[in-house]
Every structure is written in C-alpha cells, then in structure tokens.
Amino acid sequence: MSSLERLTVLGAGVLGGQIAWHSAFKGKTVAVYDIAQDAIDRCRAAHEQYAAIYRSEVGASDADMTATRQRLTYGTDLATAVAEADLVIEAVPEIPHVKTAVYEEMAGLLPKDTLVATNSSTLLPRDFASATGRPDKFCALHFANMIWAMNYTEVMPHPRTSRETLTAVTEFAVEIGMVPIPLRKEQNGYVANSWVVPLLNAAQTLVTNGVATHEDVDRTYLLTGAKVGPFGMIDMIGMETCHNVLTYWGSVRGDAQMNANADYIKTHFLDRGFLGLQTGRGYYEYPDPAFERPGFLAVPDISVVPDLVTLMTTQTEALA
Ligand code: NAD
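Residues numbered from 1 in each chain as written. Predicted model: local features only at pLDDT ≥ 70, side-chain atom pairs only at ≥ 80, totals over all residues. Heavy atoms only, no water.

**As for the nonpolar core**
Ranked by internal contacts, the top residues of the largest apolar core, which has 46 residues, are Leu10, Met106, Phe231 and Tyr283. At the level of elements, α4 (78-82), α5 (96-107), α6 (129-132), α8 (192-208), α9 (214-222), α10 (230-237), α11 (239-253) and α12 (256-268) are the ones that each hand at least two residues to this core. Shared between two domains, this core holds at least three residues of each, these being domain 1 (6-182) and domain 2 (193-319). Apart from residues no more than four positions distant in its own chain, Met106 is found in contact with Leu10, Leu78, Val82, Val88 and Val116. Residues Leu4, Leu15, Ala51 and Phe172 belong to the second largest nonpolar core, which totals 38 residues. (Core = buried A, V, L, I, M, F, W, Y, C linked by side-chain atoms within 4.5 Å. Buried < 20%, exposed > 50% of the residue type's maximum accessible area, 1.4 Å probe, protein only. Helix = DSSP H or I, 4+ residues; strand = E, 2+ residues; numbered from the N terminus. Domains from an automatic or database assignment. Contact = heavy atoms within 4.5 Å.)

**A few points about the site of the ligand**
Residues in close proximity to the ligand total 25 residues, the closest being Asp34, Glu94, Lys99, Ser121 and Thr241. The contact in question runs from an oxygen atom of the ligand to an N or O atom on the side chain of Glu94, over 2.6 Å. At 2.9 Å, a side-chain N or O of Asn145 approaches an oxygen atom of the ligand. Secondary structure elements with two or more residues in the shell around the ligand: α1 (14-25), α5, β6 (138-143) and α11. Split by residue class, the shell around the ligand holds 13 nonpolar, eight polar and four charged. Split by domain, the residues of the shell around the ligand number at least three in each of domain 1 (6-182) and domain 2 (193-319). (Near = heavy atom within 4 Å. Polar contact = N/O pair within 3.5 Å; in protein donor to acceptor, adjacent residues only side chain to side chain. Nonpolar A, V, L, I, M, F, W, Y, C, P; charged D, E, K, R; others polar.)

**As for the pattern of salt bridges**
One pass over the full model with this rule turns up 14 salt bridges. With a closest N to O distance of 3.3 Å, Asp113 and Lys112 form a salt bridge. There is no split in this pair, since Asp113 and Lys112 are both exposed. Each of Glu5, Lys28 and Glu175 takes part in a single network of salt bridges with overlapping partners. (Salt bridge = Lys/Arg side-chain N within 4 Å of Asp/Glu carboxyl O.)

**Observations concerning the environment of Met1**
Assignment of secondary structure puts Met1 in the segment before β1 (6-10). Overall, the relative accessible area of 84% leaves Met1 in the exposed class. For the pair Met1 and Ala168, spaced 167 residues apart in the sequence, the C-alpha separation amounts to 8.7 Å. If we skip the residues at most four places from it in the chain, Met1 touches Glu171 and Glu175.

In structure tokens form, the structure reads like this:
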C-alpha cells in the first residue's frame, strides 16, 4: 500500500474534477482547490453528474456515492487545501507561467514530506521542478479524460525525481485503479498526447481551412469503429485546454496553422461561452450529440447528391 492517503487537487476544472472524484471513489481523502469559487461550484455540479455516470457505467451503489462525497472537501484557500496533503496533483491551466506561480505559492505551505505531481498534457516536469522547491519529490502523473473508462495514467520523472517518489506515486496510481504507463525519458505530450495533439490539430486544420465540416471529419474517424471522433474529443477535453495547447505550441514552434487553429477555437467557441461538453455546447450540443444519433454514419438518400455537389463546387467556382 502507498503512503499516499490524503490527496489535494489544484484546479477544479475538467480533469482536476475527475481526478478528485475518482480518487475519492477509490477511498482517498481529497481536498479540491481552485482559485475561483465559480469553478468550485461547477466542479460540485460535475461531481453530481459523475455520481450518475459511476452508478450506470461503473456499477457504483448509492452508498458508494455517499461515501465518495464524504471524502471530498472543496475550497479556495491554498494553505488550508494543502495543509495535510500526502500528494498534490496540479491540474491548473496548460499555461507555463500559471503553473509556475501556483508551485511557487504552494512551496512554502506544504508539509515537508508531501509529494507533488503535474497533470500537464504537454509540458515537461523539469520546467517546474525548481518552482516546487522539492524537485526530488516531483514528477508528472498524467491522467486521461473520462478517467473512469480511460483508466491509465502516464508517469514521467524529470532527472531529479527520486526513486521513492516514483514508487509512491505509481503505487497510488495502481490503488486508484489506473494502468500505469511508465515513460523512459521526458517527452512533451507524453505517450498519448504525442499522437492525440497532432491528430486533433490535423482535424482542426481541415475545419479552420474550410475543407470539410467537423461532422464529416468525424465520420471518417468513427467509421473505423471508434466511439468518439476528433471533434467529440475536442469537446470532451474542453475548448480552454485545446486553445491553451494550440496557442503555446503554435508560438513555440512558429507554426502559423496551429496559431490559426487556436484563433478559430477562440472566436467560434471561447468568445461565445461555449466551452465544450462541460457547458453542453462545443462542436456538438449535449446531451445527445449528433454523432451518437442513429443515422449519423448511414448511407444517405440519393436525393442529397445535388447538395453535396454544391458544397464541393462553391469554393472552387468562387476562386475560378
Ligand atoms: P480547465 O480549464 O477545465 O480547468 C482549469 C482550472 O484551474 C479552472 O477551474 C481554473 O479556475 C483553475 N485555475 C486557474 N488558475 C488557477 C490557479 N492559479 N490556482 C488554482 N486554480 C486555478 O482545464 P483542464 O482541462 O482541467 O486542464 C487542467 C490541466 O490538466 C492542464 O494542464 C491540462 O493540459 C491537463 N489535462 C487536461 C485534459 C483534458 O482532457 N481536459 C486531459 C489531461 C490533462
């Protein structure tokens, strides 16, 4: 058994909320911290949705859900949130200076033995190790969205992470029902996002550049037998995080297309308050998104062909 029974999650957004709920469900005592009270309120509402999902998809009982709720506390005071933590998992926005500031603020507040892990999707732990004030007790522990079904976590040390830290953190991952994916060296994007981010960026490029609709891009993916296509994934991840990742890597790599994709998400979604699945609207509307409806992948009636041809020729004719 790991020595890590008391968890604090920093950031009560999409992933922080899931990590907190799932860890409490698995028996850990969890403090959820966020800088914003409205984020805490959204997280509590999301936790009630997870209770329904865990009953229907995970086989949890009402008693399990009551016990899970009793293991969770929520707050906006960092000192209180971390005062008794064995492990802190950071899930604040994918913006380097925001993460650094949280680590620096927390460094003086943590008990001396507390371990710290980042849930960053694409940033390297070495870049935050000094800010934590305890580089040997710090590593990356990257969870996937829909943690109850996608139950793996990627464990990635930086050069100064101790073996004891990796042991305890990996044991913690196993205790909460995760398949640990060990990384043998630091890699931006870890394993999963090394292919998911290029996939989503390629799909977004097709829409940004007006080549195809998001539904048609998703059809080409869903017909492989997948349950969710790239745009369903973007909605699940959330527009904030997709925008942060594209903005950061677009700027680091000088990638104009990535920057254009980030702008597209900003103007079409963020500026209009459509944050994705969490607000019921992103590329699709929820519940009951179009890609899950019967007929989404059906061969259409032949009468739609003229409309399809119009779509294929409108832009070409405009350029002629
Ligand atoms: P999100 O935007 O849904 O949530 C971030 C939360 O952090 C918000 O509630 C915000 O109020 C809070 N926050 C902002 N500044 C803060 C601060 N200084 N202190 C405390 N809280 C603060 O983001 P998310 O999608 O949950 O992503 C969080 C992290 O998890 C990112 O590093 C992201 O890359 C990673 N991640 C996300 C996913 C995903 O599918 N969304 C998957 C794996 C990893």
